[in-house]
Amino acid sequence: MEPWFDYDLPAELIAQEPLINRVDARLMIVDRARCTIDHAHIRDIPDFIRRGDRVVLNDTKVIPAQLRGKRVETGGQWQGLFLGSTPEGDWKLVCKTRGHLKEPEAVHLLDREGRVAAKLWMVERLDDGQWRARLDEPIDTLALLDRIGRVPLPPYIRGGQMVDADVERYQTVFARRPGAVAAPTAGLHFTPELLRSVGQRGADVSAVTLHVGMGTFRPIAVENPADHPMHAEWAEVNAAAAREICAARAAEGRIVNVGTTVVRTLETVAAAQRAAGAPDLVAPWQGESRLYIRPPYEFLATDAMVTNFHFPRTTLLLLVQAFGGVELVREAYAKAIEQQYRFYSYGDAMLIQ
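To keep things clear, this report deals only with the structure shown in the data block. None of the values given here were measured: they were computed from a predicted structure. (Residues numbered from 1 in each chain as written. Predicted model: local features only at pLDDT ≥ 70, side-chain atom pairs only at ≥ 80, totals over all residues. Heavy atoms only, no water.)

## Considerations on the pattern of salt bridges
For the coordinates displayed, the defined rule picks out 26 salt bridges. The residue Glu-73 makes a salt bridge to Lys-102 at a minimum N-O spacing of 2.8 Å. Of the two residues, Glu-73 sits in the loop between β5 (66-71) and β6 (77-85) while Lys-102 sits in the loop between β7 (91-97) and β8 (105-110), which places them 29 residues apart along the sequence. The class of Glu-73 is exposed, set by a relative accessible area of 57%. The class for Lys-102 is partly exposed, based on a relative accessible area of 41%. Here Glu-193 and Arg-196 are joined by a salt bridge, their closest N and O atoms 3.6 Å apart. Placement of the pair is Glu-193 and Arg-196 together in helix α3 (residues 192-200), with a separation of 3 residues, close to one helical turn. Accessibility expressed as a relative area gives 47% for Glu-193, which makes it partly exposed. Members of the salt-bridge network, linked through shared partners, are Glu-17, Arg-158, Asp-166 and Arg-169. (Salt bridge = Lys/Arg side-chain N within 4 Å of Asp/Glu carboxyl O. Helix = DSSP H or I, 4+ residues; strand = E, 2+ residues; numbered from the N terminus. Buried < 20%, exposed > 50% of the residue type's maximum accessible area, 1.4 Å probe, protein only.)

What follows is the structure, encoded as structure tokens:
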């Protein structure tokens, strides 16, 4: 018997391309109080928004973090994924190549036309298969990645191979702060017009930031999910967002979080506030979140959430089950498969309220 956080998905339901119009994606409506499941479309979201609601988005921006290169000494092919920078300006990355890399060893980074763009020294092997690396000469990291990097699509989309259109499609329209290596996929459905429609229903919009890391895709490989090591992701709630979210809750409006990343961010801050005995629901905060949300869990700053359909045996699915209820979410996923919803990053979504 499969674990309660697992399920079988026909491969043909894994979306390989987004719909031409983002708002045409399907939207499953999961009502926790009535234990009902209904069907709509993303363009119908304003119909489920109430006056006074606060809709919260993640404004992280996916960086072109996927790299190609050649080992200087051997000429062998090299692939890397930029994960972030250290306080000293070194890179953290994961990479693969034939044979074993030495410490240190130089790699020529190639641009999208296959030309040498920079030299990167692989300096030190770190934990979890990561490396610390250093550019041979001072170059602005984000500018270099914009010039030579590729969109880091998850492997279930065309084997992770981007096409030019992914540069725009695998990015939310409200992305502002570079730092993610994967998109906050629930936000991919929203257009400026849809956000205006939400506002016309009397709801307001706020933004927080969580830079999605590769740990989000790490499967739960242990029998008891409580034994799974939770990954860390950098997040921030600024003063304006904290003030707006607190005001909405004080006025008895709902906090409608777009995506598991927003849920994780606000619940991290709300839990810290409660632990400190602070009066406000949330407050300005930044740091690394290691919050592991799984059933059972008491949600403090989430009244409704929009989320895509997630990979089995992942912490994302556990978070959704914690909010929607294990059995109701299992039923929703079974109906999504039966109704041939499109799954994962470029797929359809659900609204749990």
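## Some points on the environment of Pro-3
Locating Pro-3 in the fold gives a position in the segment before β1 (26-31). Separated by 220 residues in the primary sequence, Pro-3 and Glu-223 place their C-alpha atoms 8.1 Å from one another. In contact with Pro-3, other than residues within four places in its own chain, are Arg-313 and Arg-330. (Contact = heavy atoms within 4.5 Å.)

## Some points on the nonpolar core
Counting 43 residues, the largest nonpolar core has Met-28, Tyr-170, Phe-309, Tyr-333, Phe-343 and Met-350 as the members making the most contacts within it. Sorting the residues of this core by element identifies β1, α6 (315-324), α7 (326-338) and β17 (349-352) as the ones contributing at least two each. Dropping the residues within four chain positions of it, Tyr-170 is found in contact with Val-62, Val-151, Pro-152, Leu-153, Pro-154, Ala-182, Ala-183, Leu-188, Ser-345 and Tyr-346. (Core = buried A, V, L, I, M, F, W, Y, C linked by side-chain atoms within 4.5 Å.)

## A look at unusual backbone geometry
Most peptide bonds take the trans form, and the phi angle of most residues other than glycine is negative. Pro-104 follows Glu-103 through a cis peptide bond whose omega is 0°. Mapping Pro-104 onto the fold places it in the loop between β7 and β8. Here the residue pair Pro-295 and Pro-296 is connected by a cis peptide bond, since its omega of -10° sits within 30 degrees of zero. Along the polypeptide, Pro-296 turns up in the loop between β15 (285-289) and β16 (304-308). You will see that Arg-158, though not glycine, has its phi angle at about 50°, which is positive. When you line up the elements, Arg-158 lands in the loop between α1 (141-148) and α2 (166-169). On the basis of relative accessibility, which here comes to 21%, the residue Arg-158 falls in the partly exposed class.

## Let's talk about empty space enclosed by the protein
Inspection of every chain in the model, using the stated rule, returns 2 cavities of 30 Å³ or more. By volume, the largest cavity amounts to about 110 Å³. Surrounding the largest cavity, Thr-216, Met-230, His-231, Glu-233, Thr-260, Thr-261, Arg-264, Leu-291, Ile-293, Thr-315, Leu-316 and Leu-319 form its lining. Those elements that provide at least two residues to the lining of the largest cavity are α5 (260-276) and α6. Taken together, the residues of the lining of the largest cavity break down into 5 nonpolar, 5 polar and 2 charged. Considered as a void within the structure, the second largest cavity measures approximately 50 Å³ in volume. A per-class count over the lining of the second largest cavity returns 9 nonpolar, no polar and no charged. (1 Å grid on protein atoms, 1.4 Å probe; cavity = no way out; pocket = protein on both sides within 12 Å on 5 of 7 lines; lining within 4 Å. Points joined across faces, edges and corners; volume = space filled by probe spheres on them. Nonpolar A, V, L, I, M, F, W, Y, C, P; charged D, E, K, R; others polar.)

## So, the environment of Leu-101
You can see Leu-101 is positioned in the loop between β7 and β8. Sequence separation of Leu-101 and Arg-125 is 24 residues, and the distance between their C-alpha atoms is 9.2 Å. If sequence neighbours within four positions are ignored, Leu-101 has contacts with Arg-71, Trp-78, Cys-95, Met-122, Arg-125 and Trp-131.

## Thoughts on the packing of aromatic side chains
One pass over the full model with this rule turns up 14 aromatic pairs. Pairing Tyr-7 with Tyr-333 gives two aromatic rings, centres 5.2 Å apart and planes at 65°, and the pair type is edge-to-face. Placement of Tyr-7 in the segment before β1 and of Tyr-333 in helix α7 is noted, with a sequence separation of 326 residues between them. Looking at Tyr-333, the relative accessible area reads 4%, which means it is buried. Seen in terms of ring centroids, Phe-309 and Phe-343 are 5.0 Å apart; in terms of plane orientation they differ by 40°. Their pairing is tilted. In this pair, Phe-309 sits in the loop between β16 and α6 while Phe-343 sits in the loop between α7 and β17, placing the two residues 34 residues apart along the sequence. Like Phe-343, Phe-309 is buried. Ring-pair connections join several aromatic residues into one group, and the members of that group are Tyr-7, Tyr-156, Phe-309, Phe-311, Tyr-333, Tyr-341, Phe-343 and Tyr-344. The ring of Tyr-341 is capped by Arg-26, whose NZ or CZ atom sits 4.0 Å from the centre of that ring. (Phe/Tyr/Trp six-rings, centres within 6.5 Å; stacked < 30°, edge-to-face > 60°. Lys NZ or Arg CZ within 6 Å of the ring centre and 35° of its normal.)

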